[in-house]
Amino acid sequence: MRQGVVPCSPIHPMAAVTFGVLELFRITRLHCLHFSIQAFIKTLCDLQGATFQRYLSRQFTIAFDLYLQIRSRVDSIVSQVLQWDSEDWHLKHACAACTYKLTGEPELRFNLLYVMDGNDSLKRILQCHPDDIKDGHSRDLPTGQVLTSSCYLSHEYVNRFAMTGNTVPFSDEVSLFDSDNNPCAGRWKNMDDAKTRKAWGVYDETGIFIAVCRHGTCLLIADMVQSGECAKYPLAVVSKLMTAFGDGLGGGYDIGCRFQTTLVRSTLGPQAQALNHTCLVGAFHGHAHRRLCQLSHLMLYVEGLGLEDLETCERTFSKSNVLASTVRYSTAFHRQQAINAYFEHNDHFEVYANLTNFLFDNYKQALVIIHDSKTILPSLKHDFSIDDDDGIFYRWLEEEKEYLEGLRREPPEEMLHMEYWQRLGKLEASSVFEPVNATSYTGDTRVIRQNETLRRHAQENYDKDLLVIQELERKLNISRHWVPEDKEWQNAGRLVANREYRCALDNLESLVVAWLFKLTKMNRAGTGYKLRKHIAKALQSRSAAIKVALERYNKCALAMRPPRQMLRWEQVVEYAFLADFDLLRDTCEDISQHPWAHPTAWFAMDTYFKMCRSKEEIACLNIEIRRVVTYMRDEDHFLRTCEEKIGNIYPALAHQVSRHRKLHLQFNSSHLKWLHNTAMLPGFSGILHPGESALKGLGESGIEPDIIIPSCLSVPLQPPPPTSPPAWGHS
């Protein structure tokens, strides 16, 4: 290896690969995830005029694994020298804008905003014999290769949070506790095991579960092993983040409302409550949640959240999905190796490189929203005779919340009245007996037996219905059967019509939600042509189903007294905020008299709260911009000082420190450009002067470095023995 080559076997190597070729392949594959080892070896063979042999790919794989282990070991030694090897050090310093806190900076409601979600694209085929598929035993050879990563959670750590008998809390079974505290209980079934269980015999790892910060830096990764999106994965992520960052965390999740219930009931519940952990819902998935849920969890109505949409995972997955074809048939180790390498490269060369561009775009967007809101909002206030009382929008929000809470459940007595009314109608229907007429003399005997059977069945059904009615009359203290002329009969009939109306509305809403999610999938990056054509055909049938559901809804709406609002196809298809369906559910109160139920009032409320979130975003960006400026100065000074101190002791180690310094230094000119553009924005109120880091622990960039040479490097290097030049090795 001192000659600059990596052998393909540990004893008597006959072939070797140069470090330059290995590094070329590593960088190339990180930028083109479809690029395989076989394609690279065929390219080398063509350049060298050699015939491709399959064993060459295997030899290169061995050399490449060894090369990556050497790089990992060197990075580990550098971390020890810089004292970056403490527990969760890299997690606590993952993003400069999120974690590099300064002295004297204003306090934010959320010390760290992160988003987590599962993705089933990065599956891995279970390598097993056909007879062993049911047992799920892999035929992969055991290996001592173990991935060393600061962001990958081990299976043992994740399984600590598996709840006995309830590993999939996002199922149809919803307890009374959930229904009372969660308006979306039972509504979400993320990767339900009932839908993914068939894939367990085919795939070992069924995907990944990740957490990223609001800027896109990967914080944690966990493999989903032979399961759907179980609760143990987000619980493990939350536990790790609370241990590393403490209080004030805000976590976005597409089923954040449902997960909040799970978190409270888990062993992490007391810790999450003590550390003020907040569960949030992203902007895209939020439109499919109940309106009552949105008022508590949606980003627009959460103070301190700014303009963050909490959909960073979707953008992350749109890029990482390209890796799927590479890891589908790999070993467990090589799959983790490829995933970890991709996210490390993405963090350094994509997320960090574009960090100040992100800050500029958000700053510009917030300023535009504030400017437009200040122009539009006064006229909207004038329409509702509102002076300068911005508190009216909060009162409208509370009134809407109280109204929706009153619609969540039907009173038990009304439910019994409706059941009694329906049973009376069923009793009347079962009392009618229609005999079969004989067609000939020879068939009279058979017809008589058939009529007798029908009469007996009708009598049995009548007796059964009568017993149920008698039981209901005892519960409701009814002395005689209701008849259509009774007032109670008419009231119960209206209640049943109300229920049918709400059921038709729920059915219409669910179809529209599925329709929009299908559209999103159809336009998702990486969706193949055949799958897009399949989705397009499904949308045609889905659209037909929506039209049928719309006709049913309008029919039920006309049957109401007074008639309810009818909907047109254009209104349903173009709904931008599906929770507006909830405002149609009430059949007892005319909500048109409430100002918050008016479309103009909705627009005014949204405009006001967007302006509030934009001001919060400006305050947050001012803090993050100064953090980044300070981090750029401190990191460069810290690593330069370390490089100078080590240079006289261990020049080779100083070279590796220099490589770490240049990793981020190459983007400083771009950062300075975007920071200057941000400062030139009309309305900029931040500070570009560096501050002072509040982090004073070992290895922090804001203090004078203390160099520690590991014991493994204390022995001086021996000069390499004289050797002849190595044989050609695919280089």
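Starting from 1, residues in each chain are numbered consecutively following that chain's sequence as written. Where local features are concerned, this predicted model is filtered to residues with pLDDT of at least 70; where side-chain atom pairs are given and counted, the filter is 80 or more; whole-chain, interface and lining totals use all residues. Working from all heavy atoms in the structure, the side-chain values ignore hydrogens and water.

This part covers the overall build of the chain. Per the secondary structure count, the chain includes 26 helices and 7 strands. Relative accessible area decides the class of each residue, using a 1.4 Å probe on protein chains only: under 20% of the type maximum gives buried, over 50% gives exposed, and in between gives partly exposed. Out of the 731 residues belonging to the chain, those deemed buried represent 46%. Residue contacts are defined here by distance: any two heavy atoms, one from each residue, within 4.5 Å place the two residues in contact. Sequence separation of at least 24 residues holds for 77% of the intrachain contacts in the chain that already meet a minimum separation of 6. Under the scheme used here, helices are H or I runs from DSSP no shorter than 4 residues and strands are E runs no shorter than 2 residues, and both carry numbers assigned from the N terminus.

The subject of this paragraph is the packing of helix α17 (residues 355–383) against helix α24 (residues 599–647). With axes taken as lines fitted to C-alpha atoms, and helix axes fitted only over the stretch in contact, angles between N-to-C directions fall between 0 and 180 degrees. Running from N to C, α17 and α24 cross one another at 150°; their axes reach a closest spacing of 8 Å. Pair α17 / α24 crosses with left-handed handedness. Taken together, the residues of the contact of α17 with α24 sort by class into 18 nonpolar, 7 polar and 5 charged. Here is the rule for handedness: rotate from the far helix to the near one, and if that takes an anticlockwise turn smaller than a right angle the crossing is left-handed, while a clockwise turn gives right-handed. By the convention adopted, Pro, Cys, Tyr, Trp, Phe, Met, Ile, Leu, Val and Ala count as nonpolar, Lys, Arg, Asp and Glu as charged, and the other residues, Gly among them, as polar.

Grid spacing is 1 Å over the protein atoms alone, the probe is 1.4 Å, and a cavity is where that probe fits but cannot get out, while a pocket is an open set with protein on both sides within 12 Å along at least five of seven lines and lining residues have an atom within 4 Å of a point. Grid points are joined across faces, edges and corners, and a volume is the space filled by probe spheres set on the points. For the coordinates displayed, the defined rule picks out 2 cavities of 30 Å³ or more. Along its surface, the largest cavity is lined by 11 residues, and V115, D117, D254, L310 and E311 are the ones closest to its centre. The set of elements that each furnish at least two residues to the lining of the largest cavity consists of β3 (112–119) and α14 (312–320). The dominant element in the lining of the largest cavity, judged by the number of residues it contributes, is β3, at 3 residues. The residue inventory of the lining of the largest cavity, partitioned by class, reads 5 nonpolar, 2 polar and 4 charged. The space that makes up the second largest cavity amounts to roughly 50 Å³. Elements that contribute at least two residues to the lining of the second largest cavity include exactly α24 and α25 (651–665).

With that settled, the discussion passes to the environment of S76. Within the fold, S76 resides in helix α3 (residues 54–81). Through-space distance from the C-alpha of S76 to that of T148 is 9.5 Å; in sequence the pair is 72 residues apart.

As a further point, take the side chain of S693. You can see S693 is positioned in the segment after α26 (668–679). A distance of 3.1 Å separates a polar side-chain atom of S693 from the backbone nitrogen of L695. Excluding residues within four positions of it along the chain, S693 makes contact with Y100, K101, L102, T103, T630, D634 and G702. We call two N or O atoms a polar contact when they sit within 3.5 Å, provided that within protein one can donate a hydrogen and the other can accept it, with sequence-adjacent residues counted only if both atoms are side-chain atoms.

Another aspect to go through is the sheet that holds strand β6 (residues 249–252). For two strands to count as paired, DSSP must find a minimum of two bridges between them. Taken in spatial order, the 5 strands make up an open sheet running β5-β4-β3-β6-β7, and their pairing is mixed. This sheet does not close on itself; its edge strands, each paired only once, are β5 (218–225) and β7 (278–280). For this sheet, the mean inter-axis angle between neighbouring strands, taken without regard to orientation, is 20°. In the packing of helix α16 (residues 332–351) onto the sheet, the strands contacted are β4 (205–213) and β5, and the crossing angle to β4 comes to about 20°.

Here we come to the pairing of β3. Taking burial as the measure, the 8 residues of β3 include 8 buried ones, the bulk of the element. Side chains of β3 alternate between two faces, with L112, Y114, M116 and G118 and L113, V115, D117 and N119 buried alike. Sheet topology note: the β3/β6 ladder contains 4 bridges and is parallel. Across the sheet, the residue bridging to L113 is G250, located in β6. Bridge analysis of β3 against β4 gives 6 bridges, and the strand direction is antiparallel. Its bridge partner being in β4, Y114 is matched across the sheet by C213.

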